[in-house]
Amino acid sequence: MNVQTDFESLIKILVLGDLNVGKTNIINQYTEKKFDNNYVATLGIDFKTKNIQLNNKTIKLQIWDSVGQEKYMSINRNLFMKVQGILLVYDITNQDSFDHLDNWMKKIKEVNEFMPIILIANKCDLEEDRVISINEGDDFAVRNHITFIEVSACNDTHIDLAFRKLCEEIIRRFEERAKKFGDDLLNNDINIISETRESIFFLENKKKKGICKKCC
Ligand code: GDP
Ligand code: MG
């Protein structure tokens, strides 16, 4: 049965990083323009959605929150398989959260070597407490061939930009791969390309037919 949907493509994104770096607030600010000063631990795995316009298309973003603790790594690993891109977050006032980035990168690459990733330095409103310079963040990003953006979930600085950049990168990679598969795939009414190894799962629904019973 076909169900009408309000989007043409679905992109799944994961927000990843140490505990307390601001993952949940980044998502809340982006989806609901909401910021919470109190720390509320993310207990389960949850996602929020937001529709955006990109390249004249309505794209539904499904944004997964993650739990930044080693003991939940198996849950995060499963998410790495399901998403098309990751916002990897550290806190500019927390040295450990920056030092752990290498480890997060390693874990992602173990599952998907080609995962689109944007590096996010959060809490840039706390300039007085800064312990990680912009140059350090930028160097890490250059070394790992990823884009780097400083944001503040508190002030809503560059939050939209961060999600937009990740979506653009996901679509760029998708289009590169679609070319390799041939134009036929792009001309189908509904395209579903699923590769476990590279964890690309992209839905193209030009006639706005319902295709996903679970989440849309
Ligand atoms: P998570 O564990 O990564 O999900 O982190 P949370 O989103 O729960 O945020 C942890 C703490 O950092 C909370 O007390 C938030 O209020 C605070 N926080 C998050 N983002 C920012 C930010 O951009 N600026 C400031 N000043 N505090 C932030
Ligand atoms: Mg959280």
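As the structure is a computational prediction, the values presented were derived from the model and not from experiment.

**As for the overall build of the chain**
Each helix and strand counted, the chain has seven helices and eight strands in total. Considering the chain as a whole, with its 216 residues, one finds that 35% of them fall into the buried category. Across the chain, contacts joining residues at least 24 apart in sequence account for 69% of those joining residues at least 6 apart.

**Here's the deal with the confidence of the model for the chain**
When the pLDDT values of the chain are averaged, the result is 80; 74% of them are 70 or greater. This stretch, residues 183-216, has a pLDDT under 50; its non-local contacts, to residues over four places away or in other chains, come to 58 contacts.

**Re the nonpolar core**
Among soluble globular proteins, nonpolar side chains are generally buried collectively. Among the nonpolar cores identified, the biggest contains 43 residues, and L87 and I120 are the most heavily contacted of them. Where this core is concerned, the elements lending two or more residues are β1 (9-17), α1 (23-32), β3 (57-65), β4 (85-91), α4 (101-111), β5 (117-122) and α6 (159-181). Per element, the largest residue contribution to this core is eight residues, and it comes from α6. Discounting chain neighbours no more than four positions away, the residues touching I120 are L87, L88, V89, I149, V151 and A162.

**Points about the pairing of β1**
Burial within β1 is extensive, with nine of its nine residues counted as buried. Neither face of β1 is left uncovered, since the one carrying S9, I11, I13, V15 and G17 and the one carrying L10, K12, L14 and L16 both have all their residues buried. Where β1 and β3 come together, seven bridges link them in parallel fashion. If you follow I13 over to β3, its bridge partner there is I63. Bridging between β1 and β4 involves five bridges; their strand directions are parallel. Paired with L14 across the strands is I86, a residue of β4.

**Structural notes on the environment of K34**
Looking at the element boundaries, K34 is found in the loop between α1 and β2 (46-54). Along the primary structure K34 and A153 are separated by 119 residues, whereas in three dimensions their C-alpha atoms are 8.8 Å apart. Beyond its immediate sequence surroundings of up to four residues, K34 is in contact with N28 and Q29.

**A closer look at the site of ligand 1**
Around ligand 1, the surrounding shell holds 21 residues, and the nearest of these are G22, K23, T24, N25 and C154. A total of three residues in the shell around ligand 1 trace back to one element, the largest contributor, which is α1. Of the residues in the shell around ligand 1, the class split is seven nonpolar, ten polar and four charged.

Definitions and limits used
Counting of residues starts from 1 at the beginning of each chain's written sequence and follows it residue by residue. The order in which chains are written sets their letters, starting at A; the order in which ligands are written sets their numbers, starting at 1. For this predicted model, a pLDDT threshold of at least 70 governs which residues receive local features, and a threshold of 80 or more governs which side-chain atom pairs are given and counted, while totals over whole chains, interfaces and linings are taken from all residues. Comment: elements are numbered from the N terminus, with helices defined as DSSP H or I runs of at least four residues and strands as E runs of at least two. Each residue is classed by its C-beta neighbour count within 10 Å, where at least 20 other C-beta atoms makes it buried, 12 or fewer makes it exposed, and intermediate counts make it partly exposed; the C-beta atoms are placed from backbone geometry. Any residue pair is listed as a contact if its two C-beta atoms, each placed from the backbone, are within 7 Å. pLDDT: the predictor's confidence for each residue, scored from 0 to 100. We define a nonpolar core as a collection of buried residues of the types Ala, Val, Leu, Ile, Met, Phe, Trp, Tyr and Cys that are connected via C-beta atoms lying within 7 Å of each other. When DSSP locates at least two bridges between a pair of strands, those strands are taken to pair. Contact assignment follows one rule, namely that a residue is near a molecule or strand if its backbone-placed C-beta atom lies within 6 Å of it. When residue character is reported, Ala, Val, Leu, Ile, Met, Phe, Trp, Tyr, Cys and Pro are called nonpolar, Asp, Glu, Lys and Arg charged, and the others, Gly included, polar.

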